[in-house]
Amino acid sequence: MTQRVNIVPAAPEDMKRLSEIAEICFPDPWSEKLFTEAYNSPYSEIVLAKTDSGEIAGYLVLSDSGDEKSVDDIAVLPEYRRAGIARTLLESAHGRYAGQSFILEVRESNAPAIALYMSLGYEQVGFRKRYYRNPDEGAVLMTRTART
Ligand code: COA
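The text that follows walks through the structure, step by step, so that each part is easy to find. (Residues numbered from 1 in each chain as written. Predicted model: local features only at pLDDT ≥ 70, side-chain atom pairs only at ≥ 80, totals over all residues. Heavy atoms only, no water.)

Between side chains of opposite charge, a pair can form when the charged atoms approach closely. If you walk through the whole model with that rule in mind, you get eleven salt bridges. Across the pair Asp64 and Lys69 runs a salt bridge, and its minimum N-O distance is 2.5 Å. Judged by relative accessible area, which is 7%, Lys69 ranks as buried. One network of salt bridges, with partners in common, ties together Lys16, Arg17 and Glu20. (Salt bridge = Lys/Arg side-chain N within 4 Å of Asp/Glu carboxyl O. Buried < 20%, exposed > 50% of the residue type's maximum accessible area, 1.4 Å probe, protein only.)

Below, the discussion takes up the environment of Gly138. Mapped onto the secondary structure, Gly138 falls in strand E7 (residues 137–144). Residue classification places Gly138 among the buried positions, given a relative accessible area of 2%. A C-alpha to C-alpha distance of 8.4 Å links Gly138 and Ser109, two positions 29 residues apart in sequence. (Helix = DSSP H or I, 4+ residues; strand = E, 2+ residues; numbered from the N terminus.)

A few words now on the layout of surface pockets. Roughly 1,200 Å³ of internal volume is contained in the largest pocket. Lining the largest pocket we find 43 residues, and of these Ile74, Asn110, Ala113, Leu116 and Tyr117 sit closest to its centre. Mapped by element, the contributors of at least two residues to the lining of the largest pocket are strand E4 (68–76), helix H3 (85–96), strand E5 (102–107), helix H4 (111–119), strand E6 (123–132) and E7. Ranked by residues supplied to the lining of the largest pocket, first place goes to E4 with seven residues. Counted by class, the lining of the largest pocket contains 27 nonpolar, six polar and ten charged residues. (1 Å grid on protein atoms, 1.4 Å probe; cavity = no way out; pocket = protein on both sides within 12 Å on 5 of 7 lines; lining within 4 Å. Points joined across faces, edges and corners; volume = space filled by probe spheres on them. Nonpolar A, V, L, I, M, F, W, Y, C, P; charged D, E, K, R; others polar.)

Looking now at the site of the ligand. What surrounds the ligand is a group of 20 residues, the closest being Ile74, Val76, Arg82, Gly84 and Asn110. At 2.8 Å from an oxygen atom of the ligand is found a main-chain nitrogen or oxygen belonging to Gly84. Between the ligand and Arg87 there is a distance of 2.8 Å, counted from an oxygen atom to a backbone nitrogen or oxygen. Taking a 2 Å distance to the grid points as the criterion, the majority of the atoms of the ligand fall inside the largest pocket. Sorting the residues of the shell around the ligand by element identifies E4, H3, E5 and H4 as the ones contributing at least two each. If one sorts the elements of the shell around the ligand by residue count, H4 sits on top with five residues. Considering only residue class, the shell around the ligand consists of 14 nonpolar, two polar and four charged. (Near = heavy atom within 4 Å. Polar contact = N/O pair within 3.5 Å; in protein donor to acceptor, adjacent residues only side chain to side chain. Sits in = over half its atoms within 2 Å of the grid points.)

Structure (structure tokens):
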């Protein structure tokens, strides 16, 4: 079943909640400070997937990396997963930046995320050994080439 969400830009008062969501979703979560830095950077943007009741179900952090868009962070709260929310967040970014390529790194053990990215046209272009800590593991580098 898909969950209806509204994709909206984050506001300064969302940073604390984003760090709480990251804490639930990641072994090495972004802090409130890191979210705030991304929010304040002219090269980054944070978009939210909000339910009709206004709850933040998920978020996406994008940044500019040369001519490409980098997916720096994406997460959906466990109770909202497998309802198409991460897909909606990414498809909306692909639509906003049609014509640009997207790049990202993902933990090699993160099968759900790798499946998500592959379903949206990302392909593995590299691998970095022992890239992540807590736990130590490699990063799969993926790219979605620009669609013209
Ligand atoms: N197992 C297998 N495939 C999965 C999957 C899982 N657990 N979760 C997502 N997918 C794939 C499927 O192809 C799915 O399509 P389908 O449901 O029609 O089969 C597609 O991705 C879209 O899934 P969606 O419902 O949009 O994903 P989501 O909203 O549940 O969010 C994550 C996916 C990865 C963002 C979410 O699991 C999460 O927040 N994980 C923790 C944080 C994280 O690992 N972020 C990525 C860091 S690189």
